[in-house]
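These are the residues of each chain, in order.
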Amino acid sequence: MIVFIVVFYNLNVNIVMFLKEFTKQTRHVRRSKLGKEHAYTRDKTYCVFKCDACNQEFIRERGKMNPARLSNNYFHVCENCDAKRFAQKRGVERRKVWTLTASSNIPISKL
Ligand SMILES: [Zn+2]
């Protein structure tokens, strides 16, 4: 039973990877037809994620993300990690977990 609780806990940790979002102002100067300079600011929203593969925090521009993926139901993998390889590895891990029985005496560190 303990094995199952630990496995479930680990899955939860891996799912909560969308940490927060913040806005950053960027300044721009635009020159008008008359040669006058106009300063203006733009707000950009960024999202902070934790990579599901290497646990590094990384930032992504919100506008470049698919809004459907801005939830903790998805895995997020940073640019340094291979998302496809991660997904494959994840699938193998799942399969291992589901084939274990409650009476299994495999040490937790081998999961
Ligand atoms: Zn990573």
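Residues numbered from 1 in each chain as written. Predicted model: local features only at pLDDT ≥ 70, side-chain atom pairs only at ≥ 80, totals over all residues.

Novice: Could you give an account of unusual backbone geometry, naming the residues involved and the relevant values?
Specialist: Residues other than glycine seldom take positive phi values, yet Asn55 does so here, at roughly 70 degrees. The topology assignment puts Asn55 in the loop between strand S2 (37-50) and strand S3 (57-61). (Helix = DSSP H or I, 4+ residues; strand = E, 2+ residues; numbered from the N terminus.)

Novice: A description of the sheet that holds S3 should follow, citing residues and the corresponding values.
Specialist: Strand order in the open sheet formed by three strands is S1-S2-S3, and the pairing between neighbours is antiparallel. Two strands bound the open sheet, and with one partner strand each, they are strand S1 (18-31) and S3. Neighbouring strand axes in the sheet, compared pairwise and without regard to direction, differ in orientation by 30 degrees on average. Taken together, the five bridges between S2 and S3 define a ladder with antiparallel strand orientation. Bridge pairing in S3 links Cys47 to Arg60. (Pairing = 2+ DSSP bridges. Axes fitted to C-alpha atoms, helices over the stretch in contact; angles between N-to-C directions.)

Novice: Which residues make up the environment of His28, and what are the values?
Specialist: Tracing the sequence through the fold places His28 in strand S1. Residue classification places His28 among the exposed positions, given that 9 C-beta atoms sit within 10 Å. In this structure the C-alpha to C-alpha distance between His28 and Arg42, which are 14 residues apart in sequence, comes to 7.8 Å. Residues within four places of His28 in sequence aside, it is in contact with Tyr40 and Arg42. (Buried ≥ 20, exposed ≤ 12 C-beta atoms within 10 Å, placed from the backbone. Contact = placed C-beta atoms within 7 Å.)

Novice: Before we move on, could you go through the pairing of S1 and cite the residues and values that matter?
Specialist: Counting buried positions along S1 yields zero of 14 residues, so the element is predominantly exposed. Alignment of S1 against S2, held across 13 bridges, turns out to be antiparallel. In the strand pairing of S2, Arg31 is matched with Glu37. The loop that links S1 with its antiparallel partner S2 comprises five residues; one of these, Gly35, has a positive phi angle of about 90 degrees.

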